[in-house]
Amino acid sequence: MINSISDPTEIPEDYYILHECRICKGNNLKEFLNLGDIPLVNSYVDVNSPPPFDEKFPLKVLFCQGCNLSQLSIIVRPEIMYKNYSYRSSISKTFIDHCFRLANSTVKRFSLTDKDLVVDIASNDGTALGEFLKFGVRVLGVEPAKNLAKIATNQGVTTVAEFWNKETSSKIESKYGKASIISAMNVVAHVHDLNSFIEGLDILLKEEGVFVMEVPYLLNFINKNEFDTTYHEHLSYFLVKPLIRIFAANGFEIFDIYKSTIHGGSIRVFVKKKLNPFIQVDHDAINWLLELENDLGLYDFDTYLRFSEDVIKIKSDLMELLTRLNKQNKNIAAYGASAKGTVLANYCGLGNNLVQYVVDDTPEKQGFLTPGSRIPIVDYSYLKKKQPDYLLLLAWNFADELMEKTQDYKNAGGKYIVPIPSVRVL
Ligand code: DWN
């Protein structure tokens, strides 16, 4: 989610080119990943009126030598990406369970009661807040995609259909009062103007309140070759080091942080207002991750170049495997019409000739074609009917959950292809 574009020069109508690092404002930005031109990952194609071609945008990642933030070279206008959004966070049980644990631990750790307000930024269909509601706290979602805000509100999670910014924050404050907790799961990486985002937090958060966020961790991205989580929505790829810097520059302070396994590896970061004296900073937790980042070479550009070589190998291994299986007349399907699946398919040049259909349990995606690769998206019953020989797990981050729910497929002789961190047949 971008709230305002401060400096990048406008080129075509739909996107901007980044000229300086969004955190340190330096211009020592070096490219380490170029995935070519890729469509917007949530622009699923209508089977009944497909456009002549799917619009594509350059997808490149740059490393800032100044503050070590990795970031996309362009910024697509948020209005294009988020007005109607097919991704539903409630589709995965693994994620719902994760949100329950987050709600449970947050309510206990900060002694929340029915007087406390929890606000979730980019609350999607209300999955996380639904778990907080179980503990009797007050909740409010903020979600720019009107279709999702409506679903959440209908399910009892009142949701404001707006982008997060200072104006939205002020409006919420005057109507609902200050928040004890503001959460942001998988959205800070989507934000171009981080200063404005944090100013919004400052307005709505109580002086003793806590901001808790989760973002994919660049450490896992590099070490597990998670290149397909690069897409136009993900503007920043975070290490702890640049995060400390951006919060400090805005009067906030990280006081605790730890790794989580969700979405291929994330960090959960707890942040307070700098002047809040009631919460102690866990320096050991923070320093441990900073040392780990340093030891793993994540402040060194050469590490990123080695990663980009691994990415090329995944592409050739996957295409070699799928082409060989196709020649042997094996039927290949996929599971998970995910954003990362769209990037993987388009980068590798994988289409309907190799993968016959993609199974996805999201009703909003079924009946459409995947962006660019144009593979039909179907519901789970297809898998049962067709029993393909191989199932490519495009939502590899939920591999355990997908394999568990497709036990019958496996028992009938089906095999899985897992593309990340390296191509494997299971
Ligand atoms: O930040 C973002 C991340 C966290 O989520 C986004 N901007 C968009 C989205 O990315 P993604 O689409 O790559 O996320 P997922 O959660 O890996 O997508 C999984 C896909 O697989 C979804 O389309 C749902 C589907 N799925 C399913 O149909 N049945 C997943 C599971 C676990 C299932 O049981």
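Everything that follows concerns the structure shown earlier in this document.
The structure reproduced in this document is the subject of the present report. The structure presented is a predicted model; accordingly, all values stated were derived computationally and were not measured.

What to know about the overall build of the chain
Along the backbone of the chain there are 14 helices and 22 strands. Computed over C-alpha atoms, the radius of gyration of the chain comes to 21 Å, within 12% of the 22 Å expected from 2.2 N^0.38 for 426 residues, which places it in the range of a compact globule. Contacts in the chain between residues far apart in sequence, at least 24 positions, make up 71% of those at least 6 positions apart. Carbon and sulfur atoms provide 50% of the accessible area of the chain, an area that totals close to 17300 Å².

Structural notes on the site of the ligand
Taken together, 26 residues sit near the ligand, with Glu233, Lys340, Asp360, Asp361 and Lys365 positioned nearest. One nitrogen or oxygen atom from the main chain of Ala339 is found 2.7 Å from an oxygen atom belonging to the ligand. Between an oxygen atom of the ligand and a side-chain N or O atom of Lys340, the distance comes to 2.6 Å. In the complex, 97% of the free accessible area of the ligand, which totals 720 Å², lies under the protein chains. With three residues, helix α13 (residues 399–405) is the largest single contributor of residues to the shell around the ligand. Tallied by class, residues from the shell around the ligand come to ten nonpolar, nine polar and seven charged.

As for the sheet that holds strand β5 (residues 56–64)
Pairing within the open sheet is antiparallel, and its four strands lie in the order β3-β5-β6-β13. Two strands lie at the open edges of the sheet, namely β3 (29–39) and β13 (236–237), each paired on one side alone. In this structure, β3 lies alongside β5, joined through eight bridges in antiparallel fashion. Considered in β5, the bridge of Pro39 is made with Lys56. Sitting on the sheet, helix α10 (residues 301–327) touches β3, β5 and β6 (70–72), and the angle it makes with β3 is about 25 degrees.

Details of the pattern of salt bridges
Two side chains of opposite charge can pair, provided their charged atoms sit close to one another. For the coordinates displayed, the defined rule picks out 19 salt bridges. Linked by salt bridges that have partners in common, Arg88, Asp125 and Glu364 make up one network.

Examining the sheet that holds strand β21 (residues 415–418)
Within the open sheet, the six strands sit side by side as β19-β17-β16-β20-β21-β22. Their pairing is mixed. The sheet terminates laterally at β19 (377–378) and β22 (424–425), the two strands that pair on one side only. In this structure, strand β16 (residues 332–335) lies alongside strand β20 (residues 390–393), joined through four bridges in parallel fashion. Pairing of Ile332 across the sheet is with Tyr390, part of β20.

A few points about the packing of α10 against helix α11 (residues 339–348)
Two elements in contact, α10 and α11, have axes separated by 10 Å at closest approach and are oriented at 80 degrees. With respect to α11, the axis of α10 lies roughly perpendicular. Residues Val311, Ile312, Lys315, Leu318 and Met319 of α10 form the contact with α11, whose participating residues are Leu344, Tyr347 and Cys348.

Comments concerning the nonpolar core
Membership of the largest hydrophobic core comes to 138 residues, with the highest contact counts inside it found for Phe32, Ile182, Phe197, Phe211, Phe227 and Phe247. At ten residues, the largest contribution of residues to this core is made by α10. Residue contacts for Phe32: discarding those within four places in its chain leaves Val61, Leu62, Phe63, Ser70, Phe221, Ile222, Phe301, Tyr304, Phe307 and Ser308. Residues Tyr15, Tyr85, Leu148 and Ile151 belong to the second largest nonpolar core, which totals twelve residues.

Describing the packing of aromatic side chains
Counted by the stated rule, this structure contains 21 aromatic pairs. Arranged with centres 5.6 Å apart and planes meeting at 65 degrees, the rings of Tyr409 and Tyr416 form a pair that is edge-to-face. A residue is classified by how much of its surface remains accessible, and Tyr416, at 1% relative accessible area, is buried. One Lys or Arg, Lys241, reaches over the ring of Tyr299 and ends 4.2 Å from the middle of that ring.

Re the pairing of β21
Looking at chain direction, β20 and β21 are connected through three bridges and run parallel. Among the inter-strand pairings, Leu392 is bridged to a residue of β21, identified as Ile417. Linking two consecutive strands that pair antiparallel, namely β21 and β22, is a turn of five residues.

Comments concerning the packing of helix α8 (residues 240–248) against helix α9 (residues 283–295)
Interhelical geometry of α8 versus α9 gives an angle of 130 degrees and a closest axis separation of 9 Å. Overall, the two elements α8 and α9 adopt an arrangement that is oblique. Only Ile286, Leu289, Leu290 and Glu293 of α9 make contact with α8, whose side of the interface consists of Val240, Lys241 and Ile244. Split into classes, the residues belonging to the contact of α8 with α9 amount to five nonpolar, no polar and two charged.

Conventions we followed
- Residues numbered from 1 in each chain as written.
- Predicted model: local features only at pLDDT ≥ 70, side-chain atom pairs only at ≥ 80, totals over all residues.
- Heavy atoms only, no water.
- Helix = DSSP H or I, 4+ residues; strand = E, 2+ residues; numbered from the N terminus.
- Rg over C-alpha atoms; globule rule 2.2 N^0.38 Å.
- Contact = heavy atoms within 4.5 Å.
- Areas by Shrake-Rupley, 256 points an atom, 1.4 Å probe, with all protein chains shown as cover.
- Near = heavy atom within 4 Å.
- Polar contact = N/O pair within 3.5 Å; in protein donor to acceptor, adjacent residues only side chain to side chain.
- Nonpolar A, V, L, I, M, F, W, Y, C, P; charged D, E, K, R; others polar.
- Pairing = 2+ DSSP bridges.
- Axes fitted to C-alpha atoms, helices over the stretch in contact; angles between N-to-C directions.
- Salt bridge = Lys/Arg side-chain N within 4 Å of Asp/Glu carboxyl O.
- Parallel < 35°, antiparallel > 145°, perpendicular 65-115°, else oblique.
- Core = buried A, V, L, I, M, F, W, Y, C linked by side-chain atoms within 4.5 Å.
- Buried < 20%, exposed > 50% of the residue type's maximum accessible area, 1.4 Å probe, protein only.
- Phe/Tyr/Trp six-rings, centres within 6.5 Å; stacked < 30°, edge-to-face > 60°.
- Lys NZ or Arg CZ within 6 Å of the ring centre and 35° of its normal.

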